[in-house]
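# A closer look at the structure
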Amino acid sequence: MACHSIPDLKPEWLGASGKTAEKMNLLTLQHKMKIDPEGYETELALLYKHFDSLLFLFQQQSALSFSSINGDPTVSKDLGDMAMFLAHVTPYYPTQLSDYPCKLADLLRSSAKSLPSSLRCHLTKALILLINRNFVDIGETLGLFMELQTLGDRTLRKDAFSHVIHSIRRMNQKHKNETQNRPLQNILFTMLQEEDEAKAKRALIVLCDLHRRRVWFDERTANAICTACFHPSSKIMNAALSFLLGFEKIEEADDSDVDSSEDEKNPQVVLQREDVYKAHHKGTLASKKKKQAKLQRAIRSMKRQQRANSEKDTPNYYSPLNHLIDAQGFAEKLFSRLQTCNERFEVSILTFHIYLEVYIFCLQVKMMILKVIARTVGLHRLILLNFYPFLQKYVQPHQRDITELLASAVQACHDMVPPDAVEPLFRQVVNQFVHDKSRTEAIAVGLNVVREICLRIPLLMTEDLLQDLVLYRKSHEKAISTAARSLITLFREVCPSLLVKKDRGRPTNPKARPKAFGEVNIASNVSGLELLQNDDGEDEENDGGDSDSSMFDNDEEEATEITDNAHAQLSDEDETEESDAGLDGDNESGQSEEEESDSEDGDGDEDEEQEYNKRKRKLSDYAGELNADTSLRALKRIAESTREFESSVLADGILSNEDFKRIKELKAKEGAKLALGQHGLLRKGPEAKSPAFKVPSSEELSLKRVNPSVLEINIRRKMTKEERLELVKAGREDRGKYQARAAIKQKKTGGTSNKQKEHKKNMPMVAKRAKIVRSRQERKRLNRIAGKQFRGKKAWK
């Protein structure tokens, strides 16, 4: 195969071997090599030698500190173009270019800092191309790409960071590749602990991004991120604190963000069909619209709550603070750093503004440390008694970011903290915020903070203090009265005895009291078993529309009537048999009443078994006597009621999958009733007396993060007339000009309706004559009876 000479070894123009002496550039030759690799092996060897010569020349110039290398762009351009060319053709010549990836990586390791920016970017892209085609392992080059991010080149830093993230994501796309993840994590963890701020910062950014993308979502990564809070560099500490706080940003879901995809993911939403029917069929048009709006709000509220519960059940919901191995040690070490973070700066008048910026930055860092400590204490329910006196020093209405500080104080309160440790802080909030000389905003914030703290530690509240705070419900300021009423609502459920009689209302449990310090409720059975025992099976609901409800009404009424008759007959027969058995026992046995009571106590289990068998037999006998015309749905109702009765009587404690499914449905119904009660949709019946506020458990409160904006007043200001007119005009922009219905019908462009066609239809002659005869007869009849309808004297005669 003939080979043409390459003058001066310039890569712009090359001769094709075995072809005519036509000239071609590197891109054309690259395309030819991919099509016919064997035909261009000679050109590849020449080009590879040319790359070696360029690389040797560049290294010699770098060793001699040849300053003209940066000024001559041709050398770096030729070397960069040749590197990209060889990276593209390496998959087609794996044997000839087997050592090329190592040469490229070694060049970047040794001379990355001295390379020009353009050449450094070309070599990095070439190496990324080889890694993506599995010619180089990412574990061998991860440290190199992390160092490339610290060189200050923005384009290079972006390319290297994207390559690291996407490579690790692609590695763990199908499953968690722990064999390769461990070495890579060790490299990043080592870089994070280095004192070099640039390397530690890039390592932290990579770890945080992988954790946020749920790629490395394990305890080792989470603890490494949390450990970065103790880095000597304040910037690294600030970045780690910001990530821990920003990971759990509170996203208040609007009513409009619930789409159909979310509806399909929450099949447990259950509503009373009667309420749905009233919202669509009873009342005027305006009242039905209001009912439907309330119903939709209730549905959205239930779905948000169920989504939150489902997210909490999944491990992907937890933040890095949840995976702390030594949460107590982490909180104590971070609190000690907060106490010692009191750096002073000696500045002159000229540098006053710089000092002010540094001072504000230190305050922000302190606030972030304080938030992380409070979140850790509340999340893991830790005991950090010195934290509350530290907060007490800053609880003042004029303090900077006071709502965030109070939210952190609330977050750090839980039922495992002794009330004596929190009482000074609690009293400080009441004394500084809630008094007659305080501003409206401060009083409202103070009452809201008192409510949130008492929700977590109700033992802090005393009867005298509560009665004084409750009096603020009579305030003319709506923010204050609303906060005071919310406090009353809380203690109606927590401890109604602390309220005066007129403020208790109708509590669901008048004897309710908060648990004593250290008191724990130990579950003795399955959660929700009492709902299953009290379930009568009569409130089953169908999620269908109104047509389904009208279809099933008759069957349900028939099933309910048959079931009620069956139970009534069973109860009558049981009473008759018990009376007969009592008479027979008195006549035959002659035992005394004391002996009968002793025998009943001793043979209680046998009596219950006999009673169960008797009831089961009688119900089966009655079911066999039902008419053949009984609907299948009614028979299904009877079978379900029989099964539920049997499961409630049996005391073996074993629940089937159907029982657990039924418990889940009943819990969803309880949540639906609570949501409907909060929105005013349950005003009659026993469900209307259900509590409108449910006290969350300590575990739910520990997972819930306190939003500082909730503690502030959220009363909407009344709009002026000009603002209302602007709002009305804004709503009319997309609306067309008002026209009468008749005018709109006349301008109809979709054709005529059936009624209009009926008027224009040509009638047969016979029908026309019959119509004329009918109209003439009707006119005569009206004229004949016209004079007989008048019974008075005419005024004009």
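As the structure is a computational prediction, the values presented were derived from the model and not from experiment. (Residues numbered from 1 in each chain as written. Predicted model: local features only at pLDDT ≥ 70, side-chain atom pairs only at ≥ 80, totals over all residues. Heavy atoms only, no water.)

## Description of the overall build of the protein chain
- Check the secondary structure of the protein chain and you find 35 helices and two strands.
- Taking all contacts inside the protein chain whose residues are at least 6 apart in sequence as the whole, residues at least 24 apart take part in 71%.
- When the accessible surface of the protein chain is summed, it comes to about 49,900 Å², and 51% of that surface belongs to carbon and sulfur atoms. (Helix = DSSP H or I, 4+ residues; strand = E, 2+ residues; numbered from the N terminus. Contact = heavy atoms within 4.5 Å. Areas by Shrake-Rupley, 256 points an atom, 1.4 Å probe, with all protein chains shown as cover.)

## Some points on the environment of Ala 672
- As for its position among the elements, Ala 672 is in helix 29 (residues 657-678).
- Sequence spacing of Ala 672 and Ser 301 is 371 residues, and the spatial spacing of their C-alpha atoms is 9.3 Å.

## Some thoughts on helix 7 (residues 154-171)
- Its 18 residues give helix 7 an end-to-end C-alpha distance of 26 Å, which sits within 8% of 26 Å, the value for a rise of 1.5 Å per residue.
- Within the span of helix 7, buried status applies to Leu 156, Ala 160, Phe 161, His 163, Val 164, Ile 165, Ser 167, Ile 168 and Met 171.
- Buried residues along helix 7 sit against helix 5 (117-132), helix 6 (138-148), helix 8 (178-192) and helix 9 (197-212).
- With a side-chain oxygen positioned 3.4 Å from the backbone nitrogen of Thr 155, the residue opening helix 7 is Asp 153. (Expected span 1.5 Å × (residues − 1). Buried < 20%, exposed > 50% of the residue type's maximum accessible area, 1.4 Å probe, protein only. Polar contact = N/O pair within 3.5 Å; in protein donor to acceptor, adjacent residues only side chain to side chain.)

## Comments concerning the nonpolar core
- By size, the foremost hydrophobic cluster in this structure holds 149 residues, and its most contacted members are Leu 86, Tyr 100, Met 461 and Phe 491.
- A per-element tally of this core places helix 16 (residues 352-380) first, with 10 residues. (Core = buried A, V, L, I, M, F, W, Y, C linked by side-chain atoms within 4.5 Å.)

## Comments concerning the packing of helix 8 against helix 10 (residues 219-227)
- Axis separation between helix 8 and helix 10 bottoms out at 11 Å; the angle between their running directions is 5 degrees. With respect to helix 10, the axis of helix 8 lies roughly parallel. Here helix 8 contributes Arg 182, Gln 185, Asn 186, Phe 189 and Leu 192 to the contact with helix 10, which in turn contributes Arg 220, Thr 221 and Ala 224.
- Tallied by class, the residues present in the contact of helix 8 with helix 10 amount to three nonpolar, three polar and two charged. (Axes fitted to C-alpha atoms, helices over the stretch in contact; angles between N-to-C directions. Parallel < 35°, antiparallel > 145°, perpendicular 65-115°, else oblique. Nonpolar A, V, L, I, M, F, W, Y, C, P; charged D, E, K, R; others polar.)

## Topic: the pattern of salt bridges
- Under the defined criterion, the tally for this structure stands at 19 salt bridges.
- Note that Lys 77 and Asp 81 form a salt bridge whose closest N and O atoms lie 3.1 Å from each other. Placement of both Lys 77 and Asp 81 in helix 3 (residues 73-89) is noted, with a separation of four residues, approximately one turn of the helix.
- According to the relative accessible area criterion, Asp 81 is partly exposed, its value standing at 27%.
- Of the charged contacts, one joins Arg 451 and Glu 452 as a salt bridge, the two residues approaching to 3.1 Å between their closest N and O atoms. Exposure class is identical for Arg 451 and Glu 452. Each is buried. (Salt bridge = Lys/Arg side-chain N within 4 Å of Asp/Glu carboxyl O.)

## Section: the confidence of the model for the protein chain
- Averaged over every residue, the pLDDT of the protein chain is 75; residues scoring 70 or more account for 69%.
- Long-range and interchain partners of residues 1-23, a stretch whose pLDDT sits below 50, account for 41 contacts in this model, where long-range means more than four residues apart.
- Low pLDDT, under 50, characterises residues 249-267; the predicted model gives this stretch 20 contacts beyond four residues in sequence or across chains. (pLDDT = per-residue confidence, 0-100.)

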